[in-house]
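Structural characterization, general
Each chain is listed here by its residues.
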Amino acid sequence: MTPQRIQRLREVLARRQPDLTVLMDNVHKPHNFSAVLRSGDAVGVLEAHGVWPQARLRPVGATSGGAGKWIRVVSHRDMAGAAAHLRGRGFRLVAADNAPGAVDYRQVDYTVPTALVLGAELEGVSDVARAHLDARVSIPMQGMARSLNVSVAAALVLFEARAQRETAGLYERCRLEPERYRETLFEWAHPEVAEYCRRHGVAYPEIDEQGEIAEAFRRATRAGGG
């Protein structure tokens, strides 16, 4: 771990937005899923959520730009459960949806806790998801096409959220609770050791200012056959 690397990780993590997320409603094409993660990483999303027809959908490295390493993806069994989970954490659910009643995406306040709901490219947001929404937003279209690719729409809305949050000063200080900051920094800096700890039920060790793990912990994991 170089000093430049750990400093970069600390700087990026300090700008993460714990109250801005995406909820993917059966976004099952890997390149769309991965592109959404990449845009989320660019605006400081800490974790993403989704309901998929498959048990798990992995990001495509070339599309996500490695963003899958930096955004925790939480999978839910169904949309009703996902909506209840996010609502319970204080999120407002806003869907990118061109259905009647949607407002221009630039007219919504994204400085409050917001989960952007994204539907699959052909089907759009499901009826189940619509039943749990607080707002619907649309992107004005001047051509023959009636909608954008889901990952492009996600990028536009997320960057509008970023602009509003930047104006409001929400990137100027770290907004993560200390324990979550410590855990996430460790997972970013030492993903393999973090996986070992999770597998064996071991608490993450402390790291020093240079991002290094105590040698005593390394010796213990080697002795334990990890």
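Shown above is the structure to which this text applies.
First, a word on what this report is: a plain description of the structure on this page. What you see is a predicted model, and the numbers here were worked out from it, not measured in a lab. (Residues numbered from 1 in each chain as written. Predicted model: local features only at pLDDT ≥ 70, side-chain atom pairs only at ≥ 80, totals over all residues. Heavy atoms only, no water.)

1. A few points about the packing of aromatic side chains
To be explicit about the condition: Stacked, tilted and edge-to-face pairs are distinguished by plane angle, under 30 degrees for stacked and over 60 for edge-to-face with tilted covering the rest, among Phe, Tyr and Trp rings (Trp via its six-membered ring) whose centres lie within 6.5 Å. Secondary structure elements follow DSSP: runs of H or I of four or more residues count as helices, runs of E of two or more count as strands, with numbering from the N terminus. Partly exposed describes any residue whose relative accessible area lies between the buried limit of under 20% and the exposed limit of over 50%, with all areas from a 1.4 Å probe on protein chains only and scaled to the type maximum.
Throughout the structure, instances matching the rule amount to 2 aromatic pairs. Centroid distance Trp 70 to Trp 188: 5.3 Å. Interplanar angle 75°. Geometry classified as edge-to-face. On the criterion of sequence distance, the pair formed by Trp 70 in the loop between α3 (61-64) and β3 (72-75) and Trp 188 in helix α7 (residues 178-189) is long-range, its members being 118 residues apart. Each member of the pair, Trp 70 as well as Trp 188, is classed as buried. Plain terms: the ring middles of Phe 186 and Tyr 204 are 4.9 Å apart, the flat faces sit at 20° to each other, and that makes the pair stacked.

2. A closer look at the sheet that holds strand β2 (residues 47-51)
As a reminder of what qualifies: Should DSSP find at least two bridges between two strands, the strands are taken to pair. Note on contacts: a residue pair qualifies if any of its non-hydrogen atoms lie within 4.5 Å across the two residues. To get an axis, a line is fitted to the C-alpha atoms, and for a helix only the part in contact is used. The angle between two axes follows their N-to-C directions and goes from 0 to 180 degrees.
The 7 strands lie next to each other as β3-β2-β1-β6-β4-β7-β5, forming an open sheet whose pairing is parallel. Strands with a single pairing partner mark the edges of an open sheet, and in this sheet they are β3 and β5 (103-104). Note: β5 against strand β7 (residues 135-138), 2 bridges, orientation parallel. The residue of β7 that forms the bridge with Asp 104 is Ser 138. Its contacts with the sheet place helix α6 (residues 150-167) against β1 (20-25) and β6 (114-119), and it is angled at close to 165° to β6.

3. Quick word on empty space enclosed by the protein
What counts is decided by this rule: Both cavities and pockets are sets of points on a 1 Å grid over the protein atoms alone; in a cavity a 1.4 Å probe fits but cannot get out, in a pocket the set is open with protein on both sides within 12 Å along at least five of seven lines, and lining residues sit with an atom within 4 Å of a point. Grid points are joined across faces, edges and corners, and a volume is the space filled by probe spheres set on the points. Classification convention: Asp, Glu, Lys, Arg as charged; Ala, Val, Leu, Ile, Met, Phe, Trp, Tyr, Cys, Pro as nonpolar; all other residues, Gly among them, as polar.
A full pass over the atoms with the stated rule returns 1 cavity of 30 Å³ or more. Looking at the largest cavity, the residues that line it are Leu 20, Val 94, Tyr 110, Thr 114, Leu 116, Val 157 and Leu 158. Of all the secondary structure elements, the ones that give two or more residues to the lining of the largest cavity are β6 and α6. For the lining of the largest cavity, the per-class residue count stands at 6 nonpolar, 1 polar and no charged.

4. Some remarks on the layout of surface pockets
Volume-wise, the largest pocket comes out at about 560 Å³. What lines the largest pocket is a set of 19 residues, among which Lys 69, Arg 72, Glu 187, Trp 188 and Arg 198 lie closest to the centre. Within the residue set of the lining of the largest pocket, elements represented by two or more residues are α1 (3-14), α7 and α8 (191-200). Top element by residues in the lining of the largest pocket is α7. It accounts for 6 residues. Classifying every residue of the lining of the largest pocket gives 9 nonpolar, 2 polar and 8 charged.

5. Considering the side chain of Arg 10
This is how the line gets drawn: By the counting scheme adopted, Arg and Lys are positive, Glu and Asp are negative, and His together with the chain ends is not counted. Within this document, salt bridges are pairs made up of a side-chain nitrogen of Lys or Arg and a carboxyl oxygen of Asp or Glu, the two lying within 4 Å of each other.
Take Arg 10: it is sitting in helix α1. Among buried charged residues, Arg 10 stands out as having no salt bridge; its nearest opposite-charge side chain is Glu 209, 4.3 Å away. Residues contacting Arg 10, with those up to four places away along its chain left out, are Tyr 181, Leu 185, Asp 208 and Glu 209.

6. Let's talk about the environment of Leu 156
Structurally, Leu 156 can be placed in helix α6. Apart from residues no more than four positions distant in its own chain, Leu 156 is found in contact with Tyr 105, Ile 139 and Leu 148.

7. Some details on the environment of Val 74
Mapped onto the secondary structure, Val 74 falls in strand β3. When residues no more than four places from it in sequence are discounted, the contact partners of Val 74 are Glu 47, Ala 48, His 49 and Gly 50.

8. Quick word on the packing of helix α2 (residues 30-43) against α6
Spelled out, the test is: Should an angle fall under 35 degrees it is taken as roughly parallel, and over 145 as roughly antiparallel, whereas 65 to 115 is taken as roughly perpendicular and any remaining angle as oblique.
Relative orientation of the contacting elements α2 and α6 amounts to 10°, with a least axis distance of 9 Å. Considering their axes alone, α2 and α6 lie roughly parallel with respect to each other. In contact with Asn 32, Ala 35, Val 36, Ser 39, Gly 40, Ala 42 and Val 43 of α2, α6 contributes Val 150, Ser 151, Ala 154, Ala 155, Leu 158, Phe 159 and Arg 162. Here the contact of α2 with α6 is built from residues that sort into 9 nonpolar, 4 polar and 1 charged.

9. Structural notes on α8
To keep things clear, this is the line we draw: Directions from the helix axis toward the C-beta atoms define the arc.
Those residues of α8 that fall on the buried side of the exposure criterion are Val 193, Ala 194, Tyr 196 and Cys 197. Along the axis of α8, the buried positions cluster into a sector of 155°, meaning they face one direction only. Opposite its buried face, α8 presents the exposed residues Glu 192 and Arg 199, each directed more than 90 degrees away. Just downstream of α8, Gly 201 is the residue with a positive phi angle, here 65°.

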